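# Notes for the structure review
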Amino acid sequence: IVRVEGLIDLSVDDAGRPLGAAHYRDPAFDWDAFTRAVDPATWGRRAPEGPMEAARQRSQRAQAARVILRVPSHTTIIGVGDTARIVHGGLMLERVEQVIVRHVRFSDAFDHFPAWDPNDNAGGEWNSEYDNLALRGARQVWIDHCRFDDGDRPDAASAVRLGRLMQHHDGLLDITHQSSHVTVGWSHFDSHEKAVLVGNGDQRV
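A few points on the structure. (Residues numbered from 1 in each chain as written. Predicted model: local features only at pLDDT ≥ 70, side-chain atom pairs only at ≥ 80, totals over all residues. Heavy atoms only, no water.)

Attention shifts here to the overall build of the protein. Along its length, the protein carries four helices and 17 strands. Expected size for 205 residues packed as a compact globule is a radius of gyration near 17 Å; at 18 Å, the protein falls within 12% of this value. Each of the 205 residues in the protein was classed as buried or not, and the buried ones make up 43%. Residue pairs in contact within the protein that sit at least 24 positions apart in sequence constitute 70% of those at least 6 positions apart. (Helix = DSSP H or I, 4+ residues; strand = E, 2+ residues; numbered from the N terminus. Rg over C-alpha atoms; globule rule 2.2 N^0.38 Å. Buried < 20%, exposed > 50% of the residue type's maximum accessible area, 1.4 Å probe, protein only. Contact = heavy atoms within 4.5 Å.)

According to the stated counting rule, one finds 13 salt bridges in the structure shown. Between Asp 13 and Arg 17 there is a salt bridge; the shortest N-O distance is 2.8 Å. Of the residues examined, Asp 13 reaches a relative accessible area of 19% and is grouped as buried. One salt bridge connects Arg 161 with Asp 32, and the closest N-O pair in it is separated by 3.3 Å. Within this pair, whereas Arg 161 is found in strand β12 (residues 160-161), its partner Asp 32 is found in helix α2 (residues 31-38), the two being separated by 129 residues in sequence. (Salt bridge = Lys/Arg side-chain N within 4 Å of Asp/Glu carboxyl O.)

With that out of the way, let us pick up the packing of aromatic side chains. Where two aromatic rings form a pair, the distance of their centres and the angle of their planes describe that pair. One pass over the structure, following the stated rule, counts nine aromatic pairs. Considering the side-chain rings of Phe 29 and Phe 113, the 5.8 Å spacing of their centres and the 85° angle between planes classify their relative orientation as edge-to-face. A residue pair is termed long-range when its members are at least 10 positions apart, and Phe 29 in the loop between α1 (21-24) and α2 and Phe 113 in the loop between β6 (105-107) and β7 (115-117) qualify at 84 residues. Each of the two residues, Phe 29 as well as Phe 113, counts as buried. (Phe/Tyr/Trp six-rings, centres within 6.5 Å; stacked < 30°, edge-to-face > 60°.)

Moving on, we come to unusual backbone geometry. Leaving glycine out, the prevailing phi sign among residues is negative, and the prevailing peptide bond configuration is trans. A positive phi angle is found at Gln 98, which is not glycine, with a value near 60°. The class of Gln 98 is partly exposed, set by a relative accessible area of 38%. The phi dihedral of His 145 falls on the positive side, at around 50°, and the residue is not glycine.

A few words on the sheet that holds strand β4 (residues 90-94). Within the open sheet, the five strands sit side by side as β2-β4-β9-β14-β17. Their pairing is parallel. Both outer strands of the open sheet, β2 (68-70) and β17 (196-198), are each paired with one neighbouring strand and no more. Strand-to-strand twist of the sheet, defined as the mean angle between neighbouring strand axes without regard to direction, takes the value 15°. Two strands pair when backbone bridges link them, and strand β14 (residues 173-176) and β17 are joined in this way by three bridges, in the parallel orientation. Paired with Ile 175 across the strands is Val 198, a residue of β17. (Pairing = 2+ DSSP bridges. Axes fitted to C-alpha atoms, helices over the stretch in contact; angles between N-to-C directions.)

Along α2, the residues classified as buried are Trp 31, Phe 34, Thr 35 and Val 38. Angular distribution of buried residues about the axis of α2 spans 100°; they occupy a single face of the element. Buried residues in α2 make contact with α3 (40-43), α4 (51-67), β7, β8 (125-127) and β12. Measuring from the side-chain oxygen of the N-cap residue of α2 to the backbone nitrogen of Asp 32 gives 3.1 Å; that N-cap residue is Asp 30. (Arc of directions from axis to C-beta. Polar contact = N/O pair within 3.5 Å; in protein donor to acceptor, adjacent residues only side chain to side chain.)

Looking at where Gly 199 falls in the secondary structure, it is placed in the segment after β17. When its relative accessible area of 34% is taken as the criterion, Gly 199 is described as partly exposed. With 92 residues separating them along the chain, Gly 199 and Ser 107 place their C-alpha atoms 22 Å apart. When sequence neighbours within four positions are dropped, the list of residues in contact with Gly 199 reads Ile 175 and Thr 176.

Now the structure itself:
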């Protein structure tokens with residue numbers, strides 16, 4: 001049983017100091033260089049590849065290693081009082097069972113290095129990696145009296161690159177990869193474009 005009291009910031013170093021894009025960025029990565037490299041006017045609609053895309057992926061993996069926490073089976077996470085918050089990252093429940101998450105506010109799982117997909121919609125889209133709470137192949141999960149939002153950095157205020165608004169948040173709560181026996185009750189999903197995903201394609205086994 002994990003009791004959450006007050007604020008837990010997942011994007012901090014071991015001394016509790018806040019971490020941002022500069023701390024996770026691979027030395028070879030540069031947004032302007034990346035944008036020029038995959039500009040559809042010259043690159044076309046092929047999926048990004050090459051040194052800049054590889055550096056972006058390394059940057060994203062470095063962030064994920066810090067801000068995504070994996071929850072084991074037979075775990076209860078419960079907020080104490082009205083101030084329990086988990087911010088700037090997310091919880092991953094992958095192939096686990098018997099998990100309870102209750103009375104916690106999840107905010108701003110912010111991806112500093114979203115991916116560019118030139119074939120998403122007519123003009124391409126930016127896609128982020130992190131969910132506030134993600135279930136993948138999880139069983140017997142109860143999510144109750146939680147709140148999910150993008151915090152103070154909504155995607156509506158993001159920069160525009162390649163003609164599209166950059167997306168730094170993915171799902172607030174994703175239940176995918178044949179997760180089953182999941183209950184979500186008395187929870188709020190606020191100010192977000194893609195709030196909840198249940199299921200993600202018949203090809204997932």
